[in-house]
Amino acid sequence: MLLAYPFRVLVPRRAAPEAATSTAVALLLLAGAAGLIPTSVVIALAAGAGATLAGVRLSRLATRRPADPSPRAAGVLLDTAVVAAGLAAVVLPLADIGHTVAVLAGSLVVAALSVTGLCRLPGRARSSAGVRLRWLVESTGPAVGLALAGWLLLPRDGLPVPARLVAALALGGLGMAALNAFAGPRRRSGAAVCRGGVLLTLGGLVLLATLPAGRATLLAVPPLVFGMLLVAVGAADAADVGDAEPAEPIAAAWPRSVLPAAVLLLATGLHLGAGHAPDRTSVLLALAAVPPLVLRELLRAGDPRIPERRAAHRRRAGAAIRHRRAAQPRWLGTSDPPPPPPEHGHAGRAGDLATANGGGSTWSSDDDAAWSALNQRPVPAGGGGPGDRAALLDALAAIGDVPEPTGALLLVDLHGTDGIGPTAREDVLAEAVHRARAVIASDDLVTGCTAAGFAVVTAASPMLAYALGTRLLTALTPPYRLAGAELRVQASIGLAEVSGAGPADVLRQAELARRRAVQLGRDRVEWYDAFLEEQLVRRLDLERELPGAVARGELDLVYQPVVDLADGQPVGAEALLRWRSPVLGTVLPAELLPVAEDLDLVGELEWWVLDRACRQLSNWSVGARELWMAVNVTTRELITPDFVQRAAAVLAAYGVPPERLVVEVSEPRVAGDLPTVVARLAGLRSLGVRTALDDFRAEHASLAQLRRLPIDLLKVGPELVGVRPDGQPPLIDVVVNVGERLGVEIVAEELESSTQVEGARRGGCRYGQGFALARPATAERVEAYFEEFPSASR
């Protein structure tokens, strides 16, 4: 029951038999590859299971009583074809006529029945002769490439050259035809799925007939079994939907171009890696792929419909944009003020996806949940509006609704205009648009975006669009003159390709890339990719959940002991923050603190850590044990005027002696406000609190800076303990010598091996910390660890 529940949740009930069969076939293949089950048994069981399930599905279709008898006839024919495929794989090889001949004979029967059944199937695409010829020309080159891959991969021994060549050509043709079915303009129709399943089934039979006996024949099982299942699924969908299945606006171009090339490259690499040289047939096949590719490009260049269609769509999008220009700010070319923006609910998500430099996106639509979920801030006055978004979507649709679309969307955001007033801001944006128009193509479109930016839609290829983005950066960053003064701005540009994705998806992707450009420092162009989206969605979740985490009691501390390397006795512990989010799981400081800094929540988190750490330290202050507790503090919080007074108040509240507290600050961040940092550290030491410098890098500037800092402990990483790559002695010797002269004790942290521990001890480090000594743990576990030692001192 416990195992069945997730299966029911993840797999729809209608597809449960197919999912179970696929899982069983996968397990059989693994067992056969491992030699646990004979190959012939695996093929028989897998093919029998696939043919049985597909036959049952198709028999239901054959027994229907629809008004139109075509689905019933198609069901009978396809059912017979699937049964014949199962027999060809399981029974016929046992006959006396031979394995290869038997399977090929069965393949011919399957092909004849399947073609006849597909012709009777509802929803079958009925293209003109010209369209079919074009598809044939465009598919011939990749098909020959797949045939070449088959020629290189098929075994040489035991297979005559003519049979090997015929098998390779058959696999190439079947493979490309299957790609056309699964990636064509009607790829989501049941008829296309059924056709692709038939082609996969035939490909599996061809592999079964040509591959030598042994484990290699297991390669024929996946296309054979899954092809039969797809035949049944596609036929049922076609019978249910009929001719009502809408066509996709375009064919998916990349599978038909990329997959054959990838397969050919893999086959060539394996062939050459095995020590085989190219033979005459492989050279001829490679040359045979060239004329179809040249002919395809000539047909594309001479077809007037593609540029005419693109131009028509651009004119339509341009008309839509001109129609909405009255609703755009005057910086886009109109002098009339925009209509009042609609009010939007504020969901309270800090650091909204569209936020940059304190502003928010102006696009929101109740009927676009994907976009609305990422834009929940009020529309700022004077910026964009729903009309701008509609015009932008029209322009994206105009580029996307053509065969093999190319193009890109660039979202441009300007930073540094917040404090100049709305009129001056529009003047800056008007100048920015003027500069942008000087570098974009004449048929590229510019439309409103946010209160501090605009969008560019171009039909250029992705690489040229990226180059356009860099030119835009160069044009937008020079100073802007305002009433005798100069204003310098920064620009962030997000780029997303228009290649089959819907306009709303392209818009969302460009906005994700733009936000990434902001996070990485601005004045840059960022290209959307799926990993980027995962990162930013994770960031959004963190920004949404972190506010209120303290009040909800979701924060926790773990403690990592610090050990005296001379005798192995614990001397203290470092308090490490953990966020136990019920939504996101455990979040570590490396991911948590950057978000907290952007949301201005660092102070709240760090004072919580200091309070809980001091409370825990007071609980550990029993007997003769004098342990100290180290807490990390950011430079931003350390330099606040009342930090020393507040720290003293916390110590007094729990009765903790000041010398038992160690305040750590990260070395790379102290240089930004060194005099104030020195003053705060000196104030802490005047209370008796000890101070530590974390993440010390042992560079020349760091060593010079070290002399100015009033610290008691210096924490260094394992990279200073080991031998350097150039063979020079470890830098820890230099650091220890400097520490001895300054009266600073050295703590080697992040020690993860006994070798590193020994190197730190031999180098003169007094204290050590890391997994090799003690792992971070809860207060109860660390207290039990302390109890193992009779005493612990400072």
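What counts and what doesn't
- Residues numbered from 1 in each chain as written.
- Predicted model: local features only at pLDDT ≥ 70, side-chain atom pairs only at ≥ 80, totals over all residues.
- Heavy atoms only, no water.
- Helix = DSSP H or I, 4+ residues; strand = E, 2+ residues; numbered from the N terminus.
- Buried < 20%, exposed > 50% of the residue type's maximum accessible area, 1.4 Å probe, protein only.
- Contact = heavy atoms within 4.5 Å.
- Areas by Shrake-Rupley, 256 points an atom, 1.4 Å probe, with all protein chains shown as cover.
- Lys, Arg positive; Asp, Glu negative; His and termini not counted.
- Salt bridge = Lys/Arg side-chain N within 4 Å of Asp/Glu carboxyl O.
- Pairing = 2+ DSSP bridges.
- Axes fitted to C-alpha atoms, helices over the stretch in contact; angles between N-to-C directions.
- Parallel < 35°, antiparallel > 145°, perpendicular 65-115°, else oblique.
- Nonpolar A, V, L, I, M, F, W, Y, C, P; charged D, E, K, R; others polar.

## Side note on the overall build of the protein chain
Part 1: When helices and strands are tallied, the protein chain shows 29 helices and 16 strands.
Part 2: Across the 794 residues that make up the protein chain, the buried fraction comes to 48%.
Part 3: Excluding contacts between residues fewer than 6 apart, the proportion of contacts in the protein chain whose partners are at least 24 apart in sequence is 72%.
Part 4: Surface summary for the protein chain: the accessible area is close to 36400 Å², and the carbon and sulfur share equals 60%.

## Quick look at the side chain of arginine 680
Part 1: Within the secondary structure, arginine 680 sits in helix α25 (residues 674-687).
Part 2: The charged side chain of arginine 680 is buried without a salt bridge, its nearest counter-charge being aspartate 642 at 7.4 Å.
Part 3: Leaving out residues up to four positions away in the same chain, arginine 680 has contacts with Leu638, Ile639, Thr640, Pro641 and Val644.

## Here's the deal with the pairing of strand β3 (residues 453-458)
Part 1: A large share of β3 lies buried, amounting to 6 of its 6 residues.
Part 2: Here β3 shows no split at all, with Gly453, Ala455 and Val457 on one side and Phe454, Val456 and Thr458 on the other all buried.
Part 3: Strand direction decides the pairing type here: strand β1 (residues 408-415) and β3, joined by 6 bridges, are antiparallel. Following the sheet pairing, leucine 410 is matched in β3 by valine 456.

## Remarks on the packing of helix α2 (residues 16-33) against helix α3 (residues 39-62)
Part 1: Relative orientation of the contacting elements α2 and α3 amounts to 170°, with a least axis distance of 9 Å. In terms of orientation, α2 lies roughly antiparallel with respect to α3. For the pair α2 and α3, the contacting residues are Pro17, Glu18, Thr21, Val25, Leu28, Leu29 and Gly32 in the first and Val42, Leu45, Ala46, Ala49, Gly50, Leu53 and Arg57 in the second.
Part 2: A breakdown of the residues in the contact of α2 with α3 according to their chemical character gives 9 nonpolar, 3 polar and 2 charged.

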